Amino acid sequence: MVQTSHKRVKIALIICAVIAVLLVGAVAFAGNFLVDFALNPHASFTMNSMMRGGDVDGLETVTPAKDADYSSEARTWFDERKQSISHTAEDGTELLGWEIPADAAAADGGASAKVQALCYPRETVGEHTYAVVCHGYVGKPADMAKYAYHFWQMGMTVVMPAARGHERNVDAGLIQMGWQDSADLVGWVNDIVQRDPEAKIMLFGVSMGGAEVMMASGRDLPDNVRLIVEDCGYSSVWACQIRAGYGFVEASATDMLAQASVPMLFIHGDADEFVPFSMLDVNYNACASAVKEKLVVENAGHGQASSTDPALYWDTVDGFIAVHMG
């Protein structure tokens, strides 16, 4: 009877062990699937494919009609003027991006009448000014052409890095959701300062790019960085670190904002259902910078603030630039 009881206990332990192994395997499988789905640009089924197929709720994929002329003109400008640049990251990875050098004469009169009426800069800045413009999740630098065009019209040189796992850096590893990208961003900034010690630099990003510039705010930025503008960036990345190479828990914009000192402008549309509008106050309140402002754009969905109310958006952004670039 005792032997039978011991045998049952042994069998039960074996069954428990097998179940535990299966559960661990299931968690690992699920984790690996989710990492592939969200972060692996080469996976067969990804968030990228769903987003581009219009299968993600809360994500606007159609350019508003009133923004179409500006976006089209900006994209033509980008395609005609972009120059390839590179940066060697701390881990030795060669990263690529685009640059559009400042051209004061062209910037003064380069925009059409329609574009001038909609989004032409209200302010201009002097020499040695730079805008580093960061794109969103599964996007590319060209997606940011309308923002870059605006800053270039203000007289800035525009630098547009491609994030890891995106566009020209699609083979530079998994998508980093802004975390490793923020470290790379510091490197891009240091490259600018090395070639132009007088540089005055703005960091600007939308969505994942917004999270990227917020994460960079708590890193060791040179004094040349005069201001940061983030548009609809998320406060942190969901908690999963299997095979990603970094912990999503540590990829927190709010933790980095707690160490920020650069003047910062936070922007969010109150109709954003993709990155919750509530994250605006989470990010703003977490920011330790002595100078910080926030802008709420009514009825704007995700990444749509600049096209929903262009006058309010650009008046606010240009005013913040004028104060802190000076």
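Summary of the structure given here. Since the model is a prediction, treat every value here as computed from it, not as a measurement.

1. So, the overall build of the protein chain
Next up, step 1: In terms of helices and strands, the protein chain carries twelve helices and eight strands.
Next up, step 2: Here the contacts in the protein chain between residues at least 6 apart in sequence split such that 75% fall between residues at least 24 apart.
Next up, step 3: Per element, the accessible surface of the protein chain, about 14,700 Å² overall, is 54% carbon and sulfur.

2. Focus: the side chain of Thr 129
Next up, step 1: Turning to its location among the elements, Thr 129 is positioned in strand S3 (residues 129-134).
Next up, step 2: Given a relative accessible area of 3%, Thr 129 falls into the buried group.
Next up, step 3: Polar contacts involving the side chain of Thr 129 include one to the main-chain carbonyl oxygen of Gly 126, which spans 2.9 Å.
Next up, step 4: The contacts of Thr 129, once residues within four sequence positions are left out, are Gly 155, Met 156, Thr 157, Lys 200 and Met 325.

3. Section: the pairing of strand S6 (residues 225-231)
Consecutive side chains along a regular strand alternate between the two faces of the sheet.
Next up, step 1: A large share of S6 lies buried, amounting to six of its seven residues.
Next up, step 2: The pairing of strand S5 (residues 200-206) with S6 spans six bridges and is parallel. When the bridges of S6 are listed, Ile 201 appears paired with Val 225.
Next up, step 3: Of the crossover connections in this fold, the one passing from S5 over helix H8 (residues 208-217) to the parallel S6 is right-handed.

4. Here's the deal with unusual backbone geometry
Next up, step 1: The backbone phi angle of Ser 207 is positive, close to 60°, even though this residue is not glycine.
Next up, step 2: Residue placement: Ser 207 occurs in the loop between S5 and H8.
Next up, step 3: At Cys 232, a residue that is not glycine, the phi angle is positive and equals roughly 55°.
Next up, step 4: By secondary structure assignment, the location of Cys 232 is in the loop between S6 and helix H9 (253-257).
Next up, step 5: Accessibility expressed as a relative area gives 1% for Cys 232, which makes it buried.

5. What to know about the nonpolar core
Generally speaking, a soluble globular protein has its nonpolar side chains buried in company with each other.
Next up, step 1: With 45 residues, the main nonpolar core has Ile 201, Leu 203 and Tyr 234 as its most contacted residues.
Next up, step 2: Only S3, helix H7 (179-195), S5, H8, S6, H9, strand S7 (264-269) and helix H10 (279-286) provide two or more residues apiece to this core.
Next up, step 3: Considering every element that reaches this core, the biggest residue donor is H7, with seven residues.
Next up, step 4: The next biggest cluster of nonpolar side chains, apart from the first, holds 39 residues, and it includes Trp 77, Ala 131, Leu 265 and Ala 300.

6. Regarding H8
Next up, step 1: For H8, a buried count of ten out of ten residues is recorded, marking the element as mostly surrounded by other parts of the structure.
Next up, step 2: All buried positions along H8 are accounted for by Met 208, Gly 209, Gly 210, Ala 211, Glu 212, Val 213, Met 214, Met 215, Ala 216 and Ser 217.

7. Structural notes on the packing of H7 against H8
Next up, step 1: Orientation of H7 relative to H8, taken along the N-to-C sense of each, is 60°, at an axis distance of 8 Å. The pairing of H7 with H8 is recorded here as oblique in orientation. Helix-helix and strand crossings are classified by hand; for H7 and H8 the assignment is right-handed. For the pair H7 and H8, contact is made by Trp 179, Asp 181, Ser 182 and Leu 185 and by Met 208, Glu 212, Val 213, Met 215 and Ala 216, respectively.
Next up, step 2: Per-class residue counts for the contact of H7 with H8 are six nonpolar, one polar and two charged.

8. Brief notes about the sheet that holds strand S1 (residues 83-88)
Next up, step 1: Pairing within the open sheet is mixed, and its eight strands lie in the order S1-S2-S4-S3-S5-S6-S7-S8. A single partner strand is all that each edge strand has here, and the edge strands are S1 and strand S8 (292-297). Across the sheet, the axes of successive neighbouring strands diverge by a mean angle of 20°, strand direction being ignored.
Next up, step 2: Running over the sheet, H8 touches S3, S5, S6 and S7 and is turned about 135° from S5.
Next up, step 3: Along the sheet, helix H12 (residues 310-325) contacts S3, S5, S6, S7 and S8; its crossing angle with S6, the most-contacted strand, is approximately 165°.

9. Here's the deal with the pairing of S3
Next up, step 1: Among the six residues that make up S3, six are buried, leaving the element largely enclosed by the rest of the structure.
Next up, step 2: Burial along S3 is two-sided: the face carrying Thr 129, Ala 131 and Val 133 and the face carrying Tyr 130, Val 132 and Cys 134 are both buried.
Next up, step 3: By the bridge criterion, six bridges tie S3 to S5 in an arrangement that is parallel. Of the residues in S5, the one forming a bridge with Cys 134 is Gly 205.

10. A word on the packing of aromatic side chains
Next up, step 1: Enumeration over the complete set of coordinates arrives at twelve aromatic pairs.
Next up, step 2: With 5.4 Å between their ring centres and 50° between their planes, Trp 77 and Trp 152 make a pair best called tilted. Remark: Trp 152 occurs in helix H6 (residues 145-153) and Trp 77 occurs in helix H3 (residues 65-81); sequence separation between them is 75 residues. The same class applies to Trp 77 and to Trp 152, which are both buried.
Next up, step 3: Measuring from centroid to centroid gives 5.1 Å for Phe 151 and Phe 204, while their planes differ by 70°, and the two rings are edge-to-face. Of this pair, Phe 151 sits in helix H6 while Phe 204 sits in strand S5, placing them 53 residues apart in sequence. Each member of the pair Phe 151 and Phe 204 is classed as buried.
Next up, step 4: A network of ring pairs unites the aromatic residues Tyr 147, Phe 151, Phe 204, Tyr 313 and Trp 314 as a single cluster.

Reading the values: the criteria
- Per chain, the residues get numbers from 1 upward, laid out in the order the sequence is written.
- Per-residue local features of the predicted model are confined to residues with pLDDT of at least 70, and side-chain atom pairs are confined, for both listing and counting, to 80 or more; whole-chain, interface and lining totals are unaffected and use all residues.
- In computing side-chain values, all of the structure's heavy atoms are included and hydrogens and water are not.
- What counts as a helix is a DSSP run of H or I of at least four residues, what counts as a strand is a run of E of at least two, and both are numbered from the N terminus.
- Residue contacts are defined here by distance: any two heavy atoms, one from each residue, within 4.5 Å place the two residues in contact.
- The accessible surface values rely on the Shrake-Rupley method and a 1.4 Å probe; as for residues, cover is taken only from the protein chains in view.
- With a 1.4 Å probe rolled over the protein chains alone, any residue whose accessible area is under 20% of its type maximum counts as buried; one over 50% counts as exposed, and the rest are partly exposed.
- Definition of a polar contact: a pair of N or O atoms within 3.5 Å, with one able to donate and the other able to accept a hydrogen when the atoms are protein atoms, and with sequence-neighbouring residues admitted only if both atoms are side-chain atoms.
- Note on pairing: DSSP must find at least two bridges between two strands before they are called paired.
- For the handedness criterion, the strands are oriented away from the viewer, and a crossover whose path from the first strand over the helix to the second runs clockwise is classed as right-handed.
- Nonpolar cores are built from buried Ala, Val, Leu, Ile, Met, Phe, Trp, Tyr and Cys residues. Side-chain atoms within 4.5 Å join them into one set.
- To get an axis, fit a line to the C-alpha atoms, keeping to the stretch in contact for a helix; angles then go from 0 to 180 degrees between the N-to-C directions.
- Reported orientations rely on four angle classes, namely roughly parallel under 35 degrees, roughly antiparallel over 145, roughly perpendicular from 65 to 115, and oblique for the rest.
- Note on convention: the crossing is left-handed when the near helix lies turned anticlockwise from the far helix by less than a right angle, right-handed when the turn is clockwise.
- Side-chain classes follow a simple rule in which Ala, Val, Leu, Ile, Met, Phe, Trp, Tyr, Cys and Pro form the nonpolar group, Asp, Glu, Lys and Arg form the charged group, and the remainder, Gly included, forms the polar group.
- Between 30 and 60 degrees the pair is tilted, below 30 it is stacked and above 60 it is edge-to-face, where a pair is any two Phe, Tyr or Trp rings, Trp via its six-membered ring, whose centres lie within 6.5 Å.

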